[in-house]
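Per-entry structural report
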Amino acid sequence: MKNKLILTALLATSALSAQAQVKPEDAIKWRQSAYATMSWSMARIDANLQGKYDKEDVLKAATVLQAIANSGMGALYVPGSDKGKGWVDTRVKPALFTDGPKVGKIAGDFNKAANELAKAAAAGDAGAVKTSFEAVGGTCKSCHDDYRTK
Ligand code: HEC
């Protein structure tokens, strides 16, 4: 009984510190890595749409995009990560930290488009993949236009 209490207390503490301990430098690295991986996946789908369509290849890439879109990347915009260096100097604009509803809207559109893309990819429907691929690309662009420096 006593051990169980101690264990519960330990788990509660480590969950708290896992939240608190994300260093800005790590948060910037992780988000830059996630974005770069999405860039790879978008290029991969684009190549399939331009050339010979391979259902499995498209599905692999779309699954990565869907997973990252639903991963809750907002958690990587920790206080103090508006400036500084991850793999490279951060390009986030300060407005991302203050435009809550507008950022939330773009993030929601992005999630929805990525989920639709994954569904179309699983169905092997190249036409629907093209439509949702363009929708995803549009959400990448709208966020970059407003919240990423050149
Ligand atoms: C909700 C906003 C948002 C969305 C949606 C978004 N990005 Fe970004 N992206 C950013 C921000 C902010 C940065 C700058 C991150 C930093 O340097 O800290 C960035 C950086 C990047 C980078 C540069 C990474 C690096 O190595 O520095 C690439 C590539 C990128 N995004 C691709 C994409 C692609 C592809 C998509 C869509 C599939 C996408 N992004 C969706 C906000 C967004």
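To keep things clear, this report deals only with the structure shown in the data block. (Residues numbered from 1 in each chain as written. Predicted model: local features only at pLDDT ≥ 70, side-chain atom pairs only at ≥ 80, totals over all residues. Heavy atoms only, no water.)

1. Thoughts on the overall build of the protein
- For the protein, the helix and strand inventory stands at 5 helices and 0 strands.
- For the protein, long-range pairs separated by at least 24 residues make up 71% of all intrachain contacts whose partners lie at least 6 apart in sequence.
- Working note: accessible area of the protein is about 9300 Å², and carbon and sulfur atoms make up 62% of it. (Helix = DSSP H or I, 4+ residues; strand = E, 2+ residues; numbered from the N terminus. Contact = heavy atoms within 4.5 Å. Areas by Shrake-Rupley, 256 points an atom, 1.4 Å probe, with all protein chains shown as cover.)

2. Here's the deal with the coordination of the iron atom of the ligand
- In this structure the iron atom of the ligand is ligated by exactly one protein donor, His 144 (NE2), at 2.1 Å.
- Locating His 144 in the fold gives a position in helix α5 (residues 126-147). (Donors = N, O, S within 2.8 Å, 3.2 Å for Na, K, Ca; no water.)

3. Focus: the packing of aromatic side chains
- All chains considered together, the criterion is met by 1 aromatic pair.
- For the ring pair Tyr 77 and Phe 97, a centre distance of 5.9 Å and an interplane angle of 70° mean the geometry is edge-to-face. Of this pair, Tyr 77 sits in the loop between α3 (55-69) and α4 (100-123) while Phe 97 sits in the loop between α3 and α4, and the two are 20 residues apart along the sequence.
- The buried category is assigned to Tyr 77, whose relative accessible area is 18%.
- Exposure remark for Phe 97: the relative accessible area of 31% places this residue in the partly exposed category. (Phe/Tyr/Trp six-rings, centres within 6.5 Å; stacked < 30°, edge-to-face > 60°. Buried < 20%, exposed > 50% of the residue type's maximum accessible area, 1.4 Å probe, protein only.)

4. A few points about the packing of α4 against α5
- One can describe the packing of α4 onto α5 by two numbers: an axis separation of 8 Å at closest approach and a directional angle of 160°. It follows that α4 is roughly antiparallel to α5 by the angle criterion. Of the two possible hands of crossing, α4 and α5 adopt the one that is left-handed. Of α5, the residues touching α4 (which contributes Lys 102, Val 103, Ile 106, Asp 109, Phe 110, Ala 113, Ala 114, Glu 116, Leu 117, Ala 120 and Ala 121) are Ala 128, Val 129, Ser 132, Phe 133, Ala 135, Val 136, Thr 139, Ser 142, Cys 143, Asp 146 and Tyr 147.
- Its residues assigned to classes, the contact of α4 with α5 shows 15 nonpolar, 3 polar and 4 charged. (Axes fitted to C-alpha atoms, helices over the stretch in contact; angles between N-to-C directions. Parallel < 35°, antiparallel > 145°, perpendicular 65-115°, else oblique. Left-handed = near helix turned anticlockwise from the far one by under 90°. Nonpolar A, V, L, I, M, F, W, Y, C, P; charged D, E, K, R; others polar.)

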